[in-house]
Amino acid sequence: MAYAGDGSGAVSPNATPLEEYWQVMADPKAEGKVRAIGLSNHSPEQLEAADRIAHVDVTQPPFSAVNRSAAPEIAWARDHGTGVIVYSPLQSGLLTGTFSAERAAELPADDWRSTHRDFTSGLVANLRLADALRPVAERHGATVAEAAIAWALAWPGVTGAIVGARKTAQVDGWIGAGSVQLTLADLDEIAAAITTSGAGTGPARP
């Protein structure tokens, strides 16, 4: 698998045109040197433009119960036979069930989270959502983190998730997420919690 670029940044006069860098990816696939090619952080419009040059085999957007803004990209991928491997389904630790307002207050000044809205003005809503995942997790004998990842995996069109960890022990808190099968009732409950909490952006359900 070969990935290209980050198409979500601000437009720069020195930016390489999508058509140019995607062709660089398309050529080795056409030559049989790579099996699949993908794009990370590209809008549906950018994906459509790339797909006219060569099929986008997979896209990689950020996606979680807090950050749902990639829903249109995921929908595009589903309609075009493109895989979706989301990243940051735990929203940098906010949806692990172990993060707290006290911990946020103790973040050092050089930690980007100390000034990010998810950990400042949006913190209360985000923690309220994480807490609402707890009963769902308990019904499945899972952790809050596993329920949060399972939610992302349950979104139509999502085929996998990349979950980060700073310590190996943290993996134990979410390694079973792939085995958690959320029910329609679970998804309804989580959608209601998203709406009620006011956490994040994007649709609460497909």
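Undergrad: Tell me about the nonpolar core, residues and numbers included.
TA: Within the largest apolar cluster, 50 residues are counted, with the highest numbers of intra-cluster contacts made by Trp-22, Phe-63, Leu-90, Leu-95, Leu-129, Trp-151 and Leu-182. Going through the elements one at a time, α1 (18–30), β2 (37–40), α2 (44–51), α3 (71–79), β4 (83–87), α5 (123–139), α6 (144–154) and α7 (184–197) are the ones with two or more residues in this core. Broken down by element, the residue count for this core peaks at seven residues, all from α6. Discounting chain neighbours no more than four positions away, the residues touching Leu-182 are Val-136, His-140, Ala-147, Ala-150, Trp-151, Leu-187 and Ile-190.

Undergrad: Any details on the side chain of Ser-40? Residues and values, ideally.
TA: Looking at the element boundaries, Ser-40 is found in strand β2. For Ser-40, a relative accessible area of 11% translates into the label buried. A polar side-chain atom of Ser-40 sits 3.0 Å from the main-chain carbonyl oxygen of Gln-60.

Undergrad: Can you tell me about the packing of aromatic side chains, naming the residues and giving the values?
TA: If you walk through the whole model with that rule in mind, you get five aromatic pairs. One aromatic cluster in this structure is built from Phe-63, Trp-151 and Trp-155.

Undergrad: Describe the pattern of salt bridges, and please don't skip the residues or the numbers.
TA: In this structure the tally under the stated criterion is seven salt bridges. Across the pair Arg-113 and Asp-111 runs a salt bridge whose closest N-O atoms are separated by 2.8 Å. On the accessibility criterion, Arg-113 (7% relative accessible area) is buried. The class for Asp-111 is buried, based on a relative accessible area of 10%. For the salt bridge of Arg-139 with Asp-186, the shortest nitrogen-to-oxygen distance reads 2.9 Å.

Undergrad: Outline the packing of α2 against α3, supporting the account with residue identities and numerical values.
TA: Interhelical geometry of α2 versus α3 gives an angle of 30° and a closest axis separation of 9 Å. Judged on the interaxial angle alone, α3 and α2 are roughly parallel. Here Pro-44, Leu-47, Glu-48 and Asp-51 of α2 lie close against α3, whose contacting residues are Pro-72, Glu-73 and Trp-76. Taken together, the residues of the contact of α2 with α3 break down into four nonpolar, no polar and three charged.

Undergrad: Which residues make up the environment of Asp-186, and what values do they have?
TA: Tracing the chain through its elements places Asp-186 in helix α7. What makes Asp-186 buried here is its relative accessible area of 3%. Along the backbone, Asp-186 and Trp-151 are 35 residues apart, and their C-alpha atoms lie at a distance of 9.1 Å. The residues touching Asp-186, leaving out its near neighbours within four places in the chain, are Val-136, Arg-139 and His-140. Of note is the side chain of Asp-186, whose polar atom sits 2.6 Å from the side chain of His-140.

Undergrad: Can you break down α5 residue by residue, with the values?
TA: In this model α5 runs 26 Å from its N-terminal to its C-terminal C-alpha over 17 residues, within 8% of the 24 Å that 1.5 Å per residue would give. Of the positions making up α5, those classed as buried are Leu-123, Ala-125, Asn-126, Leu-127, Leu-129, Ala-130, Leu-133, Val-136 and Ala-137. Turning to α5, the residues buried within the fold contact α4 (101–105), α6 and α7.

The rules behind each value
- Chains are numbered independently. Their residues run from 1 in the order of the written sequence.
- A pLDDT threshold of at least 70 governs which residues receive local features in this predicted model, and a stricter bar of 80 or more applies before side-chain atom pairs are shown or counted, although totals over entire chains, interfaces and linings include all residues.
- Heavy atoms from the whole structure form the basis of all side-chain values; hydrogens and water molecules are not counted.
- To define a nonpolar core, start from buried Ala, Val, Leu, Ile, Met, Phe, Trp, Tyr and Cys residues and group those joined through side-chain atoms within 4.5 Å.
- Classification of residues uses two cut-offs on accessible area relative to the type maximum, computed with a 1.4 Å probe and protein chains only: under 20% is buried, over 50% is exposed, and between them is partly exposed.
- Elements are defined by DSSP. Helices are runs of H or I of four residues or more, strands are runs of E of two residues or more, and each kind is numbered from the N terminus.
- Throughout, a contact is declared for two residues whenever any of their heavy atoms are within 4.5 Å.
- The definition of a polar contact used here is a pair of N or O atoms within 3.5 Å, where within protein one atom must be able to donate a hydrogen and the other to accept one, and adjacent residues in sequence count solely through side-chain atom pairs.
- Ring pairs shown here join Phe, Tyr and Trp side chains whose ring centres sit within 6.5 Å, with only the six-membered ring taken for Trp; geometry is labelled stacked below 30 degrees between planes, edge-to-face above 60, and tilted in between.
- One speaks of a salt bridge when a side-chain nitrogen belonging to Lys or Arg is within 4 Å of a carboxyl oxygen belonging to Asp or Glu.
- Lines fitted to the C-alpha atoms define the axes, with helices restricted to the stretch that makes contact. Angles between their N-to-C directions range from 0 to 180 degrees.
- Roughly parallel means an angle under 35 degrees; roughly antiparallel means over 145; roughly perpendicular covers 65 to 115; every other angle is labelled oblique.
- For this scheme, ten residues count as nonpolar: Ala, Val, Leu, Ile, Met, Phe, Trp, Tyr, Cys and Pro. Four count as charged, namely Asp, Glu, Lys and Arg, and the remainder, Gly too, count as polar.
- What a helix is expected to span follows from its residue count: subtract one and scale by 1.5 Å.

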